There are 2 protein chains.
Amino acid sequence: MARQERAIRTRRAILEAAGAVFDEHGYTTTTIAMVLERAEVTKGALYFHFSSKESLAQAVLDEQVPFGAVPSQPCKLQEIIDMTFVVGMRLLSNSLLRGSVRLAVDQAVPSGIDFAEPFRQWAGRLTELMEEARAQGELLPTVRPRDTVELLVGAFTGIQLMSRALTGRADLAERLSVLWTHMLPSIAVPGLLPALDSGADRGARILAGADTPVAT
Amino acid sequence: MARQERAIRTRRAILEAAGAVFDEHGYTTTTIAMVLERAEVTKGALYFHFSSKESLAQAVLDEQVPFGAVPSQPCKLQEIIDMTFVVGMRLLSNSLLRGSVRLAVDQAVPSGIDFAEPFRQWAGRLTELMEEARAQGELLPTVRPRDTVELLVGAFTGIQLMSRALTGRADLAERLSVLWTHMLPSIAVPGLLPALDSGADRGARILAGADTPVAT
């Protein structure tokens, strides 16, 4: 294995360990020693990649939005719906994502870290898709893409928190389906509504077929 | 001042101090000593009312839902809208409420505290109002009151978090107005929509006239 490839794998192992520890303990209580123990790497290897707990937390926060990757869809509103369900599914299985979400939700402590950065990144990514949806005639003329996507990001954040608190996120997909049922009639042109899929099993179906293009 | 009245005032002063400290530091970092210093009461007085940090946190959590008190409205959907705007306003001015919301959002640490209790209490209170709204013919026949109110509680939780992270909650009322604009067409019968007030200044107007009944 080439040196660079090994470094990339080590960095990823450290990030995944850090995500798991941040997820379980939150920012304040987490220590570098706890991450070291979980990652099973040397102190030297960790400090080669991350100079401090702050830089580790920032890197974990920066990993969040890539978890929203989904197969491209001809209908961009469907692609936005898909992102929410896929992130919901990945929250169940991936502790790096969970740790990143917990950091974004933890109140900012005095530090150089921008805990709010994932909110901005999600809003930016989703606004691009929403503008494409608008260009394709998918949206009602009353929709202001930035307002709608910031509402989506905020609502998703709270819904996953409430689902975690009440059921350990077991009912998250159901709750996301309820969110879309309430919001879509205010977003999509009426003719598109019957074609949009916001069933609670949407995320599972996308991930099951994730290696092949999704037909619509 | 009668002995009992003095005890009630002392208890309230301790709760308000505890709310402020939980709001600033979160559950894990907060200590009884920090609350004592803020409340300016004796250790004996604090322990007379609260035997531990856990019981203090539980009492702060239990204070959350009363902050949703609003003047009764003939239209129960308007009363639900009003609760969200009034809680949004009170989050700006009341540190006991802020501390209670932060505790509900903090990930549960191993303890005897039920951090999720406010979610259940809000959902219970709002479901009562939503059932009244249904009985008065205010809701679309597709609405399932429990689903809708749990969506509201989850969405509110995340929207206030995102607003705090991005603007110190300065734009919370605007964000709540966007939430209602998106959700009301899926909840209310069409004839009611023009009469419902979900403008961003709704909370300020209710609180300005809080001592007199609100006419509609």
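Residues numbered from 1 in each chain as written. Chains lettered and ligands numbered in written order. Predicted model: local features only at pLDDT ≥ 70, side-chain atom pairs only at ≥ 80, totals over all residues. Heavy atoms only, no water.

Draft legend 1. Just the overall build of chain A, in detail. Of the regular secondary structure elements, chain A holds ten helices and zero strands. What you see in chain A, going N to C, is helices and strands ordered as α-α-α-α-α-α-α-α-α-α. Whereas a compact globule of 216 residues would reach a radius of gyration of roughly 17 Å, chain A reaches 19 Å, a difference of no more than 12%. Seen through its C-alpha atoms, chain A measures out along the principal axes to roughly 60 × 40 × 30 Å. With an accessible surface of roughly 9300 Å², chain A has 55% of that area assigned to carbon and sulfur atoms. Both charge centroids of chain A, one from 22 positive and one from 25 negative side chains, sit 4 Å from each other. (Helix = DSSP H or I, 4+ residues; strand = E, 2+ residues; numbered from the N terminus. Rg over C-alpha atoms; globule rule 2.2 N^0.38 Å. Areas by Shrake-Rupley, 256 points an atom, 1.4 Å probe, with all protein chains shown as cover. Lys, Arg positive; Asp, Glu negative; His and termini not counted. Charge placed at Lys NZ, Arg CZ, Asp CG, Glu CD.)

Draft legend 2. A look at the UniProt feature "DNA-binding region" (unreviewed entry) in chain A. Those residues carrying the UniProt feature "DNA-binding region" (unreviewed entry) are residues 31-50 of chain A in this numbering. Taken end to end, residues 31-50 of chain A comprises 75% helix and 0% strand; its first and last C-alpha atoms sit 13 Å apart. (UniProt positions renumbered as here; feature names shortened; annotations may be inferred.)

Draft legend 3. Highlighting the packing of helix H8 (residues 145-167) of chain A against helix H9 (residues 172-183) of chain B. Where H8(A) contacts H9(B), the axes come no closer than 10 Å and their chain directions differ by 95°. What the angle tells us is that H8(A) and H9(B) run roughly perpendicular. Only Arg175(B), Val178(B), Leu179(B) and His182(B) of H9(B) make contact with H8(A), whose side of the interface consists of Asp147(A), Thr148(A), Glu150(A) and Leu151(A). Its residues placed into classes, the contact of H8(A) with H9(B) shows three nonpolar, two polar and three charged. (Axes fitted to C-alpha atoms, helices over the stretch in contact; angles between N-to-C directions. Parallel < 35°, antiparallel > 145°, perpendicular 65-115°, else oblique. Contact = heavy atoms within 4.5 Å. Nonpolar A, V, L, I, M, F, W, Y, C, P; charged D, E, K, R; others polar.)

Draft legend 4. Seen up close, the interface of chain B and chain A. Counting residues at the interface gives 35 residues for chain B, matched by 35 residues for chain A. Taken over both partners, the interface formed by chain B and chain A buries close to 3000 Å², and the fraction arising from carbon and sulfur atoms is 64%. At the boundary of chain B with chain A, the tally comes to two salt bridges. Between Glu150(B) and Arg175(A) there is a salt bridge, and its shortest N-O distance comes to 2.7 Å. Viewed at the interface, chain A and chain B are joined by six residue pairs in polar contact (both at pLDDT 80 or more). (Buried area = accessible area lost by both parts, 1.4 Å probe. Salt bridge = Lys/Arg side-chain N within 4 Å of Asp/Glu carboxyl O. Polar contact = N/O pair within 3.5 Å; in protein donor to acceptor, adjacent residues only side chain to side chain.)

Draft legend 5. The arrangement of the environment of Ala200(A) in detail. All names here are of chain A. For Ala200, the position within the fold is in the loop between helix H9 (172-183) and helix H10 (202-208). For the pair Ala200 and Pro145, spaced 55 residues apart in the sequence, the C-alpha separation amounts to 24 Å. With residues near it in sequence (within four places) discarded, Ala200 still touches Phe85, Ala173, Glu174 and Ser177.

Draft legend 6. How the structure looks around the packing of helix H5 (residues 76-93) of chain B against helix H7 (residues 117-135) of chain B. All names here are of chain B. Contact geometry for H5 and H7: axes closest at 7 Å, N-to-C directions at 150°. One finds that H5 runs roughly antiparallel with respect to H7. Facing Lys76, Leu77, Glu79, Ile80, Met83 and Val87 of H5, the residues of H7 in contact are Trp122, Arg125, Leu126, Leu129, Met130, Glu132 and Ala133. Of the residues contributing to the contact of H5 with H7, the split by class is nine nonpolar, no polar and four charged.

Draft legend 7. Spatial organisation of H8(A). All names here are of chain A. A rise of 1.5 Å per residue sets the reference length of H8, with its 23 residues, at 33 Å; its end C-alpha atoms lie 32 Å apart and thus fit the reference within 8%. Most of H8 is tucked away, with 18 of its 23 residues classed as buried. Two residues or fewer past H8, Gly168 is found with a positive phi of approximately 60°. (Expected span 1.5 Å × (residues − 1). Buried < 20%, exposed > 50% of the residue type's maximum accessible area, 1.4 Å probe, protein only.)

Draft legend 8. Fine view of unusual backbone geometry. Residues and elements named next belong to chain B. Here the phi dihedral of Glu40 falls at roughly 50°; this positive angle occurs in a residue that is not glycine. Here Glu40 is to be found in the loop between helix H2 (32-39) and helix H3 (43-49). Glu40 gets classed as exposed once you look at its relative accessible area, which sits at 72%. Its identity as a non-glycine residue notwithstanding, Arg169 has a phi of 75°, on the positive side. In this fold, Arg169 is placed in the loop between helix H8 (145-167) and H9.

Draft legend 9. Structural view of the relation of the copies chain B and chain A. Least-squares fitting of chain B to chain A yields an RMSD of 0.0 Å, with the transformation described by 0.0 Å of translation along the axis and a rotation of 180°. Taken together, the rotation and translation relating the two chain copies correspond to the operation of a two-fold axis. Here 100% of the interface residues in chain B have copies in chain A that are interface residues too; the copies meet face to matching face. (Least-squares fit on C-alpha atoms with pLDDT ≥ 70 in both.)

Draft legend 10. Up close: the environment of Ser163(A). Locating Ser163(A) in the fold gives a position in helix H8. Residues Ser163(A) and Ala173(A) lie ten residues apart in sequence; the distance between their C-alpha atoms is 9.3 Å.

Draft legend 11. Highlighting the packing of aromatic side chains. Considering all chains together, one arrives at four aromatic pairs over all chains under this definition. Taking the centre distance of 6.1 Å and the plane angle of 15° together, the rings of Phe22(A) and Tyr27(A) count as stacked. The residues Phe22(A) and Tyr27(A) share a single accessibility class, namely buried. Ring centres of Tyr27(B) and Phe115(B) lie 5.5 Å apart, and the angle between their planes is 85°; this geometry places the pair in the edge-to-face category. With Tyr27(B) in helix H1 (residues 3-29) and Phe115(B) in the loop between helix H6 (95-105) and H7, this pair connects stretches of sequence that are 88 residues apart. Taken individually, Tyr27(B) and Phe115(B) each receive the classification buried, so the pair is uniform in this respect. (Phe/Tyr/Trp six-rings, centres within 6.5 Å; stacked < 30°, edge-to-face > 60°.)

Draft legend 12. Fine view of the domain arrangement of chain A. Residues and elements named next belong to chain A. Domain annotation for chain A reports domain 1 (2-52) and domain 2 (65-207). Centre-to-centre separation of domain 1 and domain 2, based on C-alpha positions: 28 Å. Summed over both partners, the interface of domain 1 with domain 2 comes to about 920 Å²; 63% of that surface belongs to carbon and sulfur atoms. Looking at the side of domain 1 facing domain 2, the largest losses of area belong to Phe22, Asp23 and Tyr27, adding up to 55% of the total buried there. There are one salt bridge connecting domain 1 and domain 2. Of the charged contacts, one joins Arg98 and Asp23 as a salt bridge, the two residues approaching to 3.0 Å between their closest N and O atoms. Counting every contact that joins domain 1 to domain 2 gives four residue pairs in polar contact (both at pLDDT 80 or more). Residues that form the side of domain 1 that touches domain 2 fall into these classes: four nonpolar, four polar and four charged. (Domains from an automatic or database assignment.)

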